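Geometric and topological summary
Chain by chain, the residues run as shown.
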Amino acid sequence: MKAVIYNGKSVEYREDFPKPEWRAGYSLIRILRAAVCSTDKEVRKGYRPHFSGVMGHEFIGVVEQSCRKELIGKTVVGELNEGCGHCLYCKTGREKHCPERKVIGMEGRNGCFAEYMLLADRLVHPVPDGLPIETAIYTEPLAAALEIPAQVHINPEKNVAVIGDGRLAYMIAQVLSLNGCDLTIIGKHMEKLTQFQTCGKIQLLESIQKYPPVDETYEIVVDATGSPEGIELANRLVRRRGTVVLKSTYAQKAALDMSQFVVNEITIVGSRCGPFEPALNLLSRGLVKLPEIEWHSLDAYEQAFSSRAFKAGFRIS
Ligand SMILES: [Zn+2]
Ligand SMILES: [Zn+2]
């Protein structure tokens, strides 16, 4: 089958990649669309040095074989993290933190930049009727944004800043704006920031660098920059006894003065993948607005990876 794979060093397109064989406990999914995420670009840069196999974790597809008979023929999305099923984390509802977990497109499991993929049955979620596939493919990134209210109580009377003007920041801003809080989005590019205007106030990073904030601080600051500079700025913008939520993952390391966090009694919350059902709920009720995705064929992976569109992906079948 056709697949875009990471071979441990670089990305390649293959037409002779073996089609996965169905086995009990898994659903065989024919992939319709797959979207490129910043994490895939990090994988390419060496974020997961031990991984090799089919890339990608954001997809929508149709189940062809499964032990969950009700799924067969259904359009579905799916979660990334497959735990071992018997460790402390798996047994206490934290499967995505299982130390032995496999992650599609990143760790021990082939991903979705291919014609077919296997996914553990319990990770498969049917898409509600009437939800277009171009919208439903946003389920995983939207779920990641919903992990923030799942972890941190956001009092709607408080002020919140999101740093970053990329896709993840956009999902987060959409979700947090539904909370009614006083929201500011801080980014580097005015042309990107204007897309956020319906969610809250927008501010150019430049203006903060020129005039360091005095009163312009926030109770909660979310770093969605995707770079090590994000936490540094978050530290400058968060109020004493406030909360910094870290959503960025990157291959580099951040260097910063941790004493500041101690002295100012800042709570740091790491935040990763989130709940799928609430994301599907928001999408099917039309409560979040999402830009169109630019589609490519799998062999044009280079264009998809380097696209300047809001989001790019693969139209597979
Ligand atoms: Zn993703
Ligand atoms: Zn486990």
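Quantities reported herein were computed from a predicted structural model and do not represent experimental measurements.

What follows deals with the domain arrangement of the chain. By convention, interface size is frequently given as the accessible area that disappears when the constituent parts associate. Taken domain by domain, the chain holds domain 1 (3-138 + 290-315) and domain 2 (143-270). Placing a centre on the C-alpha atoms of domain 1 and another on those of domain 2 gives a separation of 28 Å. Residues of the side of domain 1 that touches domain 2, tallied by class, amount to 2 nonpolar, 3 polar and 3 charged.

What follows deals with unusual backbone geometry. In this structure, Arg241 is a non-glycine residue whose phi angle is positive, near 65°. Inspection of the secondary structure assignment puts Arg241 in strand E16 (residues 238-246). Since 10 C-beta atoms lie within 10 Å of it, Arg241 is described here as exposed. With a phi angle near 50°, Glu265 is a residue other than glycine that sits in the positive phi range. Take Glu265: it is sitting in the loop between helix H9 (259-263) and strand E17 (267-270).

Spatially, 6 strands are ordered E14-E13-E12-E15-E16-E17 in an open sheet, and the strand pairing comes out parallel. Of all the strands in the sheet, just strand E14 (201-204) and E17 have a single pairing partner and so form its edges. The mean inter-strand angle of the sheet, taken between neighbouring strand axes irrespective of direction, is 20°. Both E16 and E17 contribute to a ladder of 4 bridges, which runs parallel. Paired with Thr243 across the strands is Thr267, a residue of E17. Here helix H8 (residues 229-237) sits on the sheet and contacts strand E12 (159-163), strand E15 (218-223) and E16; the angle it forms with E16, its principal contact strand, is near 155°.

This part is about H8. Residue pairs spaced three or four apart in an α-helix point in one direction, given the helix's 3.6 residues per turn. If you check which residues of H8 are buried, you get Gly230, Ile231, Leu233, Ala234 and Leu237. Angular distribution of buried residues about the axis of H8 spans 165°; they occupy a single face of the element. Where H8 is buried, its residues touch E12, E15 and E16.

Of all hydrophobic cores here, the largest spans 84 residues; its most connected members are Ile31, Phe113, Leu142, Val162, Ile172, Ala173 and Val221. The biggest single contributor to this core is helix H5 (residues 167-177), with 8 residues. Each of two domains, domain 1 (3-138 + 290-315) and domain 2 (143-270), supplies a minimum of three residues to this core. Apart from the residues within four sequence positions on either side, Leu142 is in contact with Met171, Ala279, Leu282, Leu283 and Val288.

This part takes up the pairing of strand E1 (residues 3-6). The alternating pattern of E1 places Ala3 and Ile5 on one face and Val4 and Tyr6 on the opposite face, and all of these are buried. Where E1 meets strand E2 (residues 11-14), 4 bridges bridge the pair, whose relative direction is antiparallel. Bridged to Tyr6 within E2 is Val11. Between the antiparallel neighbours E1 and E2 lie 4 residues, among them Gly8 with a positive phi of about 100°. Inspection of the sheet shows E1 paired to strand E4 (residues 53-54) by 2 bridges, in the antiparallel sense. Across the sheet, the residue bridging to Tyr6 is Gly53, located in E4.

Cut-off values and rules
Residues numbered from 1 in each chain as written. Chains lettered and ligands numbered in written order. Predicted model: local features only at pLDDT ≥ 70, side-chain atom pairs only at ≥ 80, totals over all residues. Domains from an automatic or database assignment. Nonpolar A, V, L, I, M, F, W, Y, C, P; charged D, E, K, R; others polar. Helix = DSSP H or I, 4+ residues; strand = E, 2+ residues; numbered from the N terminus. Buried ≥ 20, exposed ≤ 12 C-beta atoms within 10 Å, placed from the backbone. Pairing = 2+ DSSP bridges. Axes fitted to C-alpha atoms, helices over the stretch in contact; angles between N-to-C directions. Contact = placed C-beta atoms within 7 Å. Arc of directions from axis to C-beta. Core = buried A, V, L, I, M, F, W, Y, C linked by C-beta atoms within 7 Å.

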